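Summary of the model geometry
Listed below are the residues making up each chain.
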Amino acid sequence: MNFGIETRAASAKAETSVVTAEKALSFISKGWREVRDSADADFQLMKTRANTFKNLATSFDKELENFLNSATTFSVPAIKSSSSTTTEIDFVKKLQPKFTEFRRVYSSPDFSKKVLEKWSPRARIKLDLSAIRNAMLAEVGDSEKIAEFDEKERLWRGRNLKLDEFWSEWKGEEEDGNHSEWQPIKALKTRFRELEQKSSSSEIFETFKNSEFVEKVKTSLKAMCKEPQDSKEVPPLDVPELLAYLVKQSGPVFDQLGFKQDICHKLVEKFCSKYRSQLLLRSLSSDNSALIEKENFNDELDLRIASVVRSTGHCYEGGRWNDSAKPESKDGKRHFAIVTTASLPWMTGTAVNPLFRAAYLANSAQQNVTLLVPWLCKSDQELVYPNNLTFSSPEEQEIYIRNWLEERVGFKADFKISFYPGKFSKERRSILPAGDTSQFISSKEADIAILEEPEHLNWYHHGRRWTDKFNHVVGVVHTNYLEYIKREKNGALQAFLVKHINSWVTRAYCDKVLRLSAATQDLPKSVICNVHGVNPKFLKVGERVAEERGRGQQAFPKGAYFLGKMVWAKGYRELIDLLSKHKNDLEGFKLDVYGNGEDAHEVQSSAKKLELNLNFLKGRDHADDSLHGYKVFINPSVSDVLCTATAEALAMGKFVICADHPSNEFFRSFPNCLTYKSSEDFVAKVREALDNEPQPLTAEQRYNLSWEAATQRFMEYSELDRILKLGETGNRKSSKTKKNIMKSVSLPNLNEMVDGGLAFAHFCLTGSEILRSATGAIPGTQDFSKQHCEDLHLLPPHVENPIYGW
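For every chain, the first residue of the written sequence is number 1, and numbering continues from 1 along that sequence. pLDDT decides what is reported in this predicted model: residues at 70 or higher carry local features, side-chain atom pairs at 80 or more are listed and counted, and totals for whole chains, interfaces and linings draw on all residues regardless. Where side-chain values are given, they derive from all heavy atoms of the structure, hydrogens and water being excluded.

This part is about the overall build of the protein. A tally of regular secondary structure across the protein gives 35 helices and 14 strands. Counting across all 806 residues of the protein, residues that qualify as buried make up 42%. Note on definitions: a residue-residue contact is assigned when non-hydrogen atoms from the two residues lie within 4.5 Å. Counting contacts in the protein only where the partners sit at least 6 residues apart, residues at least 24 apart contribute 72% of the total. Accessible surface is estimated by sampling points in the Shrake-Rupley manner with a 1.4 Å probe; for residues, cover comes only from the protein chains shown. Taken as a whole, the protein presents about 46,100 Å² of accessible surface, with 55% of it coming from carbon and sulfur. The helix and strand labels rest on DSSP assignments: H or I over at least four residues marks a helix, E over at least two residues marks a strand, and numbering proceeds from the N terminus. Partly exposed residues are those whose accessible area sits between 20% and 50% of the maximum for their type, while under 20% is buried and over 50% is exposed, using a 1.4 Å probe and protein chains only.

Next up on the list: the sheet that holds strand β9 (residues 558-563). Note on pairing: two strands pair once DSSP finds at least 2 bridges between them. With respect to topology, six strands assemble into an open sheet ordered β11-β10-β9-β12-β13-β14, the strand pairing being parallel. Two strands close off the open sheet at either side, each with one partner strand: β11 (614-617) and β14 (673-676). Neighbour-to-neighbour, the strand axes of the sheet open up by a mean angle of 25°, direction not taken into account. Of the strand pairs in this sheet, strand β10 (residues 591-594) and β11 are connected by four bridges, and their pairing is parallel. Bridge pairing in β11 places L591 opposite L614. Every angle, taken between N-to-C directions, lies between 0 and 180 degrees, and every axis is a line fitted to C-alpha atoms, over only the stretch in contact when it is a helix. Contacts between helix α24 (residues 572-581) and the sheet are confined to β9, β10, β11, β12 (630-635) and β14, with β10 contributing the most and set at about 165° to the helix. Each of β9, β12, β13 (655-659) and β14 touches helix α26 (residues 644-651); the most contacted strand, β12, lies at about 160° to it.

Looking now at α26. The element α26 is largely enclosed, with a buried count of seven among its eight residues. Within the span of α26, buried status applies to A645, T646, A647, E648, A649, L650 and A651. Of the residues one or two after α26, G653 is the one with positive phi, at around 85°.

Moving on, we get to the sheet that holds strand β6 (residues 472-477). If you walk across this open sheet you meet the eight strands as β4-β3-β2-β1-β5-β6-β7-β8, and the pairing is mixed. The open sheet has two edge strands with one neighbour each: β4 (430-433) and β8 (526-528). Here the average twist between neighbouring strands, direction ignored, is 30°. Pairing between strand β5 (residues 448-452) and β6: five bridges, direction parallel. Bridge pairing in β6 links I450 to V474. Running over the sheet, helix α18 (residues 394-409) touches β2 (367-375) and β3 (416-425) and is turned about 110° from β3.

What follows is about a nonpolar patch on the surface. A cluster of nonpolar residues, L493, F496, L497 and I501, forms a patch on the protein surface that exposes about 380 Å² of accessible area. If you trace the backbone, L497 turns up in helix α22 (residues 491-509). Two distance rules govern patches: like charges are joined within 9 Å, and nonpolar side chains (Val, Leu, Ile, Met, Phe, Trp, Tyr) within 5 Å, applied only to residues with over 30% relative accessible area and no salt bridge. By salt bridge we mean one thing: a side-chain nitrogen of Lys or Arg within 4 Å of a carboxyl oxygen of Asp or Glu.

Mapped onto the fold, A684 is located in helix α27 (residues 679-691). Under the relative-accessibility criterion, A684 is labelled partly exposed at 41%. With 98 residues separating them along the chain, A684 and L586 place their C-alpha atoms 9.7 Å apart.

Another aspect to go through is the packing of helix α16 (residues 349-363) against helix α29 (residues 707-717). Orientation of α16 relative to α29, taken along the N-to-C sense of each, is 85°, at an axis distance of 10 Å. Between α16 and α29, the angle falls in the class roughly perpendicular. Of the residues in α29, those touching α16 at N353, F356, R357, Y360 and L361 are W707, E708, T711, F714 and M715. When the residues that make up the contact of α16 with α29 are grouped by side-chain class, the tally is six nonpolar, two polar and two charged. Orientation is classified from the angle alone, with under 35 degrees giving roughly parallel, over 145 giving roughly antiparallel, 65 to 115 giving roughly perpendicular, and any other angle giving oblique. Under the convention adopted here, Pro, Cys and the residues Ala, Val, Leu, Ile, Met, Phe, Trp and Tyr are nonpolar, Asp, Glu, Lys and Arg are charged, and Gly plus all remaining residues are polar.

In this section: the packing of aromatic side chains. Centre distance within 6.5 Å is the pairing criterion for rings of Phe, Tyr and Trp, where only the six-membered ring of Trp is used; planes under 30 degrees apart are then read as stacked, over 60 as edge-to-face, and the remainder as tilted. The tally for this structure, following the rule as stated, stands at 19 aromatic pairs. Aromatic pair Y360 and F411: ring centres 5.5 Å apart, planes at 85°, arrangement edge-to-face. Here F411 lies in the loop between α18 and β3 and Y360 lies in helix α16, a separation of 51 residues in the sequence. For Y360, a relative accessible area of 8% corresponds to the buried category. Geometrically, the ring pair formed by W459 and Y481 is edge-to-face, given 5.0 Å between the ring centres and 70° between the ring planes. Residue W459 is located in the loop between α19 (454-458) and α20 (466-469), and its partner Y481 is located in helix α21 (residues 481-486); the two are separated by 22 residues in the primary sequence. Taken together, the ring pairs connect Y561, F562, Y572, Y594, Y630 and F633 into an aromatic cluster. By the criterion adopted, a ring carries a charge over it if an Arg CZ or a Lys NZ lies within 6 Å of its centre and within 35 degrees of its normal. Geometry around F415 places R402 over its ring, the cationic atom sitting 5.1 Å from the centre.

Inspection of the entire model under this criterion finds 18 salt bridges. In this structure, E398 and R402 form a salt bridge, with 3.2 Å as the shortest nitrogen-oxygen distance. Note that E398 and R402 are positioned in helix α18 at a spacing of four residues, about one turn of the helix. Among the residues examined, R402 registers a relative accessible area of 21% and is labelled partly exposed. As a salt-bridge pair, E719 and R722 come within 2.9 Å of each other at their nearest N and O atoms. Its relative accessible area of 28% is what places E719 among the partly exposed residues. The exposure class of R722 is partly exposed, given its relative accessible area of 22%. Counted as one network, the salt bridges with shared partners bring together E407, R408 and D621.

If you look at the biggest cluster of nonpolar residues, it comprises 105 residues, and the most contacted ones within it are F336, L405, F415 and F714. In terms of residue count, α16 provides more of this core than any other element does, nine residues in total. Where each domain begins and ends is defined by an automated method or by a domain database. A domain-level breakdown of this core finds at least three residues from each of domain 1 (334-532 + 750-792) and domain 2 (536-705). Those residues in contact with F336 that lie beyond four places of it in its chain are L361, Q367, N368, V369, T370, I448, I450, M715, L720 and L724. L614, V632, A659 and V683 belong to the second-largest nonpolar core, a separate cluster that totals 29 residues. Residue types Ala, Val, Leu, Ile, Met, Phe, Trp, Tyr and Cys, when buried and joined through side-chain atoms within 4.5 Å, form a set referred to as a nonpolar core.

To continue, consider the packing of α24 against α27. Packing of α24 against α27 brings their axes to within 10 Å, and their N-to-C directions diverge by 85°. On the basis of the axis angle, α24 is roughly perpendicular to α27. Only S679, E680 and F682 of α27 make contact with α24, whose side of the interface consists of L578, L579 and K581.

The next point concerns unusual backbone geometry. Outside of glycine, negative phi angles account for most residues, and trans bonds account for most peptide bonds. In this structure, the amide linkage connecting L344 to the following residue, P345, adopts the cis form with an omega of 10°. Relative to the helices and strands, P345 resides in the loop between β1 (334-339) and α16. Even without being a glycine, N388 presents a positive backbone phi close to 55°. Locating N388 in the fold gives a position in the loop between α17 (378-384) and α18. Positive phi, close to 55°, is recorded for R429, a residue that is not glycine.

As a further point, take the confidence of the model for the protein. Across the protein, the average pLDDT comes to 75, with 61% of residues at or above 70. Within a predicted model, pLDDT stands for the predictor's per-residue confidence, ranging from 0 to 100. Every residue in residues 316-327 is under pLDDT 50, and counting partners more than four places away or in other chains gives 25 contacts. Counting interchain partners and residues more than four positions distant, the pLDDT-below-50 stretch residues 802-806 has zero contacts.

The sheet contact formed by β9 and β12 spans three bridges and is parallel. Each residue of the ladder has a partner; that of Y561, found in β12, is F633. Examined bridge by bridge, β9 and β10 share four bridges and lie parallel to one another. Of the residues in β10, the one forming a bridge with Y561 is D592.

Structurally, the position occupied by D755 is in helix α32 (residues 750-766). Each residue touching D755, except ones within four places of it in the same chain, is listed here: R465, R507, A508 and K525.

Now for the pairing of β4. Of the two faces of β4, the one carrying S430 and L432 and the one carrying I431 and P433 are both buried. Pairing between β3 and β4: four bridges, direction antiparallel. In the strand pairing of β4, S425 is matched with S430. Hairpin connection between β3 and β4: a loop of four residues separates the two successive antiparallel strands, and R429 in this loop has a positive phi of roughly 55°.

Dropping the structure here:
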């Protein structure tokens, strides 16, 4: 019984020992697995590092080999051999064996093992667990479990030690399905094996050339480096085109030499006649073909030159003669500075018409206006102003001017009146500026300049260039100086010189020139347009006359009259010749003549000597009531540009008898204007006017004579309406068509360079007092006098313009 009890106790003890051993073995196995997994992770990292380096080495090896192969097989056509080229090829051949040897060394297995050993940990912690394993096996005593454990240990150790498996797997010699974690590496190996199978380096470069990466690089480079527009489509200029453009750009020089513009146009047309069709195809696209058909050869040639210049990538940004720092208005309004050569109470066209222009421009409330008129010292006032009227100060004269103006326009004009120093020339019978006239307009107000008689103002101008100081300069030509000069001694020679001087100064100092009629000389940058109106008072007289005639009253109880400054050039010579020639044909015809002037005594003596029926009266304002009753106004003058008295007579509803002359072109559309072509025709027109009654003016005819219409025409033909519109949008530059924009961007403007050169030359010449005096300038007018300084409260000239040194 005790034996049974002991047996059961021993059996229970043995079972307890087995359970304890199994638990211990399970615990140790679990710890062993964790150690094995950690070791596997370490070896995994080492394998990844080895693969990375081997991939780098292999790819570098292949790329270097391909580069050497391509270098040896690459050929360039049409390249001549030279010593330098041969030397470079020999150098590459010498390098190739060195690179091959280097590749063989670093791609050997020993090199890879050395690298792997270098990357492996330098110290390892080894744990001897054999005693524990033997104790566990002794406790378990199971042969099958021992064999299974030994197999796992062998596999684990073998997995850890077989580095040749890694290399064989890289070479593709073994494919183990258990290695699923190496799929990305396997894909990379596959690509490299395909790369190794390429037959030549050309296939590799062809693949690289067609790759998506290369295409993206090309697109980026094209976006960054744009080629010139139509650089491959625009053919170069030929010799006839170059000659034509040279002739066209030499126009200012030819004009100064006296050649007509038609000659230059014909030369350009001659050079381009054989190339007209090519010029049209080269210059514009199909959508702009309608535009080129309307232009002349000059514009076609400009566009052709511009397209060639732009195809080279050249962009002109201005030259040395340009002034980019021009002032702008701060209050948003543009400023007009009207500069004229005469002032009231001198009743001349250049005194009256600029005054009305300033009033109506200021009345629109769209711009600020300054009228700059000459100030004469008292000694000159006595020579110029009628009825011994003089002023002691500019303020006194300004009051007189404003009162006269408000009495005639019927509203208070809000504009500024300033004065510049002037001197009266008895020989020229005109006022010449003294000093630099442009300095009397401040830089803040130097926006748009209107030069009334630009040639007169700039004959002896020695100062800043108008177009440099102002944004836009408009010249208005009032007087036909050539006609006056021809009547003087040596008039033909003087007229020749003055003609070229007028062309010189207007080209140099104006952006746009308005000629009141074709009676003036052809000037650069000019257009013909009547920009003068009549005093509103004359239109009211005409309305009153029409009402009286409508009531059956006699509106014109008097006959004919003539009114004008009594100088020979104002038509008195033509009048005396006509009346003396047809004295018998006009028997009983009486003519009243109103005027004062330097030639009054000679005119009256000649009329008395020829026994002409002329009644000479003192000069008076055309708006005087004593002149309203005349029915016929006779004006035989051919020296006027646009006679203001003729327009005033038409506005009052009178007949006007005038010569068939370009100066009267504007008046021909009025039915009451009777023009004659011969002396016999003059007699017929006089009889026609005396025997009939003038027709009343229509509303349209009255408007065409008004200053509102004249101001509108002035804004249009001077391009100021466009400039003002651009000013509203904040852009002060010229807005031209697409063609002109292209030309201005691509081409330097030779005309502007010539104009700047002419202005500089004129400035140098007018700085010499000897040259000024030799050409007729008043001595001492290069600067204003001391009397001007006192009257206008100016600093002395030597303080305004100091001269430093000796």
